[in-house]
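Listed below are the residues making up each chain.
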Amino acid sequence: MFIFIGKVLYALVWLFLVFNLIHPYPRPANVVTNIGLIAFVVTHGLQAWMLHSTMTKQEKQQDKFKVLRLFLFGVFESLSWKDKK
């Protein structure tokens, strides 16, 4: 239940940050959201890149969206993998 709430909150944060690209907020908030978006993309991109580089070809074919889900939801996605095992 808490993992699902975390994923929903991450999705809302992503929407908030991406909405700034479409319709920019006023000046001080614009700078903060741009820095937040850059930080999110870098940290989640590194997590997704590390996962993709450690996956075998068979794992890549079985679950094609695993890396994308990790990029979007970060630590909450990896916690859901732990719960499934």
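Scroll up for the structure.
Residues numbered from 1 in each chain as written. Predicted model: local features only at pLDDT ≥ 70, side-chain atom pairs only at ≥ 80, totals over all residues. Heavy atoms only, no water.

Asks: I tried to follow the overall build of the protein on my own but got confused; where do I start?
Replies: Check the secondary structure of the protein and you find 5 helices and 0 strands. Its C-alpha atoms give the protein a radius of gyration of 15 Å, more than 25% over the compact-globule value 12 Å for 85 residues. Overall, the C-alpha framework of the protein stretches about 45 × 30 × 15 Å when taken along its three principal axes. Counting across all 85 residues of the protein, residues that qualify as buried make up 26%. Partitioning the intrachain contacts of the protein with sequence separation of at least 6 by distance along the chain shows that 48% fall at a separation of at least 24. Carbon together with sulfur atoms contributes 73% to the accessible area of the protein, which is approximately 6500 Å² in total. Taking the 10 positively charged and 4 negatively charged side chains of the protein as two groups, their mean positions are separated by 5 Å. (Helix = DSSP H or I, 4+ residues; strand = E, 2+ residues; numbered from the N terminus. Rg over C-alpha atoms; globule rule 2.2 N^0.38 Å. Buried < 20%, exposed > 50% of the residue type's maximum accessible area, 1.4 Å probe, protein only. Contact = heavy atoms within 4.5 Å. Areas by Shrake-Rupley, 256 points an atom, 1.4 Å probe, with all protein chains shown as cover. Lys, Arg positive; Asp, Glu negative; His and termini not counted. Charge placed at Lys NZ, Arg CZ, Asp CG, Glu CD.)

Asks: Sorry, what's going on with the side chain of Lys 7 here?
Replies: Structurally, Lys 7 can be placed in helix α1 (residues 2–22). Taking the relative accessible area as the measure of exposure, Lys 7 reaches 19% and is therefore buried. Not counting residues within four places of it along the chain, the set of residues in contact with Lys 7 comprises Phe 73, Phe 76, Glu 77 and Ser 80.

Asks: Is there a simple way to think about the pattern of salt bridges in this case?
Replies: Proximity of charged atoms lets side chains of opposite charge pair with each other. Overall, the coordinates contain 3 salt bridges when judged by the stated rule. In this structure, the salt-bridge partner of Asp 63 is Arg 69, at a minimum N-O distance of 3.0 Å. Here Asp 63 falls in the partly exposed class, since its relative accessible area comes to 26%. One salt bridge in this structure joins Arg 69 and Glu 77, with 3.1 Å as the shortest N-O distance. We classify Arg 69 as partly exposed; its relative accessible area is 27%. (Salt bridge = Lys/Arg side-chain N within 4 Å of Asp/Glu carboxyl O.)

Asks: Would you explain the packing of aromatic side chains in this entry?
Replies: Each aromatic ring pair is described using two quantities: the centre-to-centre distance and the angle formed by the ring planes. One pass over the structure, following the stated rule, counts 6 aromatic pairs. Both rings, one in Tyr 10 and one in Phe 76, keep their centres 5.3 Å apart while their planes meet at 85 degrees; by these two values the pair is edge-to-face. Residue Tyr 10 is located in helix α1, and its partner Phe 76 is located in helix α5 (residues 75–84); the two are separated by 66 residues in the primary sequence. Ring centres of Trp 14 and Phe 71 lie 5.5 Å apart, and the angle between their planes is 35 degrees; this geometry places the pair in the tilted category. Linking Trp 14 in helix α1 with Phe 71 in helix α4 (residues 66–73), this pair joins segments that are 57 residues apart in sequence. A relative accessible area of 22% places Phe 71 in the partly exposed class. What links up through ring pairs into an aromatic cluster is the set Tyr 10, Trp 14, Phe 40, Phe 71 and Phe 76. The ring of Trp 81 has Lys 66 lying over it, and the distance from NZ or CZ to the ring centre is 4.9 Å. (Phe/Tyr/Trp six-rings, centres within 6.5 Å; stacked < 30°, edge-to-face > 60°. Lys NZ or Arg CZ within 6 Å of the ring centre and 35° of its normal.)

Asks: What am I meant to see in a nonpolar patch on the surface here?
Replies: There is a patch of nonpolar side chains on the surface, built from Met 1, Phe 2, Phe 4, Ile 5, Val 8, Leu 9, Leu 12 and Leu 15 and spanning about 920 Å² of accessible area. With respect to the helices and strands, Leu 12 occurs in helix α1. (Patch = residues over 30% accessible without salt bridge, like charges linked within 9 Å, V, L, I, M, F, W, Y side chains within 5 Å.)

So far we have only geometry, and geometry alone does not tell us how the molecule works.
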